[in-house]
Amino acid sequence: MGRVFVDANEVKKEGLFIDTRFNLQDKTWGQTVFNEGHIEGAVYWGLESDLSDMSGKEGRHPMPTKEQLTNLFESAGLQFEDTIYIYDQGAAPFAARAWWMLKYANFPNVYIVNGGMIALTEVGFGVTSETKSYPKSTLSIQWNDKDLCKSRRCEANC
């Protein structure tokens, strides 16, 4: 599986950043704080708007479809060779959820920033309220379905 977490002082400035800050008690909080300030160049992925299929019936935050995930990844302009750093507010599960979805799609260089947004700013990463958009990419994803099956305890059906 490789390394999951990276300390903020190990993060390379040329990487791509995904902000996944969210609050289950205030569903607009993550987008609001992103709009107020985020790591320069970061894109925002919300738990309910991007990392869940809220039309689904399986659980509180159902897994997005492969089509939805492909669209999310391509809309962010991601390429498989990118180094991707995911952060949340620190000590929250949202960056881990995005990390898992990217690994499910076999992105090889994906890391969760230990300590989240605060840790990145403490080591000098710039913060901006400006939103950056990236050219849409085209991906040919080889899904790691065995990981999904294991997580749903359906090994017999894989």
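In the block above lies the structure referred to throughout.
The sections below set out a description of the structure shown in this document. Bear in mind that the values here come from a model prediction, so they are computed numbers and not experimental data.

### A short note on the overall build of the protein
Point 1. Across its full length, the protein holds 5 helices and 7 strands.
Point 2. Along the protein, helices and strands appear, N-terminal first, in the series β-β-α-β-β-α-β-α-β-α-β-α.
Point 3. Its C-alpha atoms give the protein a radius of gyration of 15 Å, near enough to 15 Å, the size a compact globule of 158 residues would have.
Point 4. Structurally, the protein occupies a C-alpha span of about 50 × 35 × 30 Å along its principal axes.

### Observations concerning the environment of Gln25
Point 1. Relative to the helices and strands, Gln25 resides in the loop between strand 2 (16-19) and helix 1 (29-36).
Point 2. Sequence spacing of Gln25 and Val11 is 14 residues, and the spatial spacing of their C-alpha atoms is 30 Å.

### Focus on helix 1
Point 1. By the burial criterion, the buried members of helix 1 are Gly30, Val33 and Phe34. Along helix 1, the residues classed as buried sweep out an arc of 105° about the axis, all on the same side.
Point 2. Those residues of helix 1 that are buried are in contact with strand 2, strand 3 (38-39) and strand 4 (43-44).

### Some words on the sheet that holds strand 1 (residues 5-7)
In a beta sheet, neighbouring strands pair by backbone hydrogen bonds and run either parallel or antiparallel.
Point 1. Within the open sheet, the 5 strands sit side by side as 1-6-5-2-4. Their pairing is parallel. Unpaired on one side and paired on the other, strand 1 and strand 4 mark the two borders of the sheet.
Point 2. Relative to strand 5 (residues 84-87), strand 2 is paired through 4 bridges, and the arrangement is parallel. Bridge pairing in strand 5 links Phe17 to Tyr85.
Point 3. Helix-sheet contacts for helix 3 (residues 94-104) involve strand 2, strand 5 and strand 6 (110-114), and the interaxial angle to strand 6 is about 170°.

### Focus: the pairing of strand 6
Point 1. The buried count for strand 6 comes to 4 of 5 residues, which makes it a mostly enclosed element.
Point 2. With 3 bridges joining them, strand 1 and strand 6 adopt parallel strand pairing. Note that in strand 6 the partner of Val6 across the bridge is Val113.
Point 3. Here 3 bridges tie strand 5 to strand 6, and the two strands are oriented parallel to one another. Residue pairing across strands places Tyr85 opposite Tyr111, the latter belonging to strand 6.
Point 4. Taking the sense of rotation as the criterion, the β-α-β connection linking strand 5, helix 3 and strand 6 turns out right-handed.

### Some remarks on the packing of helix 2 (residues 66-75) against helix 3
Point 1. It is the contact of helix 2 with helix 3, at a shortest axis distance of 11 Å, that shows an interaxial angle of 100°. Here helix 2 lies roughly perpendicular to helix 3, going by the angle between them. The segment helix 2 lies against helix 3, with Lys66, Leu69 and Phe73 engaging Met101, Leu102 and Tyr104.
Point 2. Within the contact of helix 2 with helix 3, the residues separate by chemical class into 5 nonpolar, no polar and 1 charged.

Parameters at a glance
Residues numbered from 1 in each chain as written. Predicted model: local features only at pLDDT ≥ 70, side-chain atom pairs only at ≥ 80, totals over all residues. Heavy atoms only, no water. Helix = DSSP H or I, 4+ residues; strand = E, 2+ residues; numbered from the N terminus. Rg over C-alpha atoms; globule rule 2.2 N^0.38 Å. Buried < 20%, exposed > 50% of the residue type's maximum accessible area, 1.4 Å probe, protein only. Arc of directions from axis to C-beta. Contact = heavy atoms within 4.5 Å. Pairing = 2+ DSSP bridges. Axes fitted to C-alpha atoms, helices over the stretch in contact; angles between N-to-C directions. Right-handed = clockwise from strand over helix to strand, strands pointing away. Parallel < 35°, antiparallel > 145°, perpendicular 65-115°, else oblique. Nonpolar A, V, L, I, M, F, W, Y, C, P; charged D, E, K, R; others polar.

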